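Structural overview
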Amino acid sequence: MTRFPEVESELKRKRIKAEMDAIRLEEEAIRGKTLLDKSLALLGKWMIANGEKLRKQHHPSQESSAAKLANKVA
């Protein structure tokens, strides 16, 4: 499906704006005024990092499954 350049640029603009908003919120949380704000921001980062590690461990990439399928066929 082809998209018009105007639509594509609008989608990119919205994606960039959403990323900028997320970065601003993260910076605001890190600069929290209380110890609780800072602790919650650090806890959130830690949970995200560990969740990504777990996902990598328990969900093998599609390349490895494709390689296994190719080996079965051969």
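This one's a predicted model, so the numbers in the text were calculated from it and none came from an experiment. The residue numbers shown here count from 1 along each chain, following its written sequence. Only residues with pLDDT of at least 70 are given local features in this predicted model, and only at 80 or more are side-chain atom pairs given and counted; all residues enter the totals for whole chains, interfaces and linings. For side-chain calculations, the full set of non-hydrogen atoms in the structure is used, while hydrogens and water are omitted.

1. What about the pattern of salt bridges?
Throughout this description, the term salt bridge denotes a Lys or Arg side-chain nitrogen within 4 Å of a carboxyl oxygen of Asp or Glu. Enumeration according to the criterion identifies four salt bridges in this entry. The residue E26 makes a salt bridge to K45 at a minimum N-O spacing of 3.5 Å. Of this pair, E26 sits in helix 1 (residues 5-30) while K45 sits in helix 2 (residues 35-58), placing them 19 residues apart in sequence. Connected via shared salt-bridge partners are K17, D21 and R24. Strands are runs of DSSP state E lasting at least two residues, helices are runs of H or I lasting at least four, and both sets are numbered from the N terminus onward.

2. A word on the confidence of the model for the protein
In low-pLDDT regions, the fine details of the predicted coordinates are not to be read closely. The predictor reports its confidence for every residue as pLDDT, a score running from 0 up to 100. For the protein, per-residue confidence averages 80 on the pLDDT scale, and 76% of positions sit at 70 or higher. Highest mean pLDDT in the protein belongs to helix 1 (89); lowest belongs to helix 3 (residues 62-73) (60).

3. Comments concerning a nonpolar patch on the surface
Taken together, the side chains of L36, L40, L43, W46 and M47 present a nonpolar region at the surface, about 550 Å² in accessible area. Tracing the backbone through its elements, the reader meets L36 in helix 2. To sort residues, take the accessible area from a 1.4 Å probe on protein chains only and compare it with the maximum for the residue type: under 20% means buried, over 50% means exposed, and anything in between is partly exposed. Residue L36 is classed as exposed on the basis of its relative accessible area, which comes to 55%. Patches in this entry comprise residues that are over 30% relatively accessible and not in a salt bridge; like charges within 9 Å are linked, as are nonpolar side chains (Val, Leu, Ile, Met, Phe, Trp, Tyr) within 5 Å. Shrake-Rupley sampling with a 1.4 Å probe provides the accessible areas, and residues are treated as covered by the protein chains on show and by no other component.

4. Here's the deal with the packing of helix 1 against helix 2
The N-to-C vectors of helix 1 and helix 2 enclose an angle of 130°; their axes lie 8 Å apart at closest approach. Relative to helix 2, helix 1 is oriented oblique. Residues E26, A29 and I30 of helix 1 form the contact with helix 2, whose own contacting residues are D37, K38, A41 and K45. Across the contact of helix 1 with helix 2, the residue classes break down as three nonpolar, no polar and four charged. Each axis is a line fitted through C-alpha atoms, and for a helix only the stretch in contact is used; angles between axes span 0 to 180 degrees, taken between their N-to-C directions. An angle below 35 degrees is read as roughly parallel, one above 145 as roughly antiparallel, one from 65 to 115 as roughly perpendicular, and any other as oblique. Working rule for contacts: check all heavy atoms of both residues, and any pair within 4.5 Å makes them a contact. Any residue outside Ala, Val, Leu, Ile, Met, Phe, Trp, Tyr, Cys, Pro, Asp, Glu, Lys and Arg is labelled polar, Gly included; the first ten of those are nonpolar and the last four are charged.

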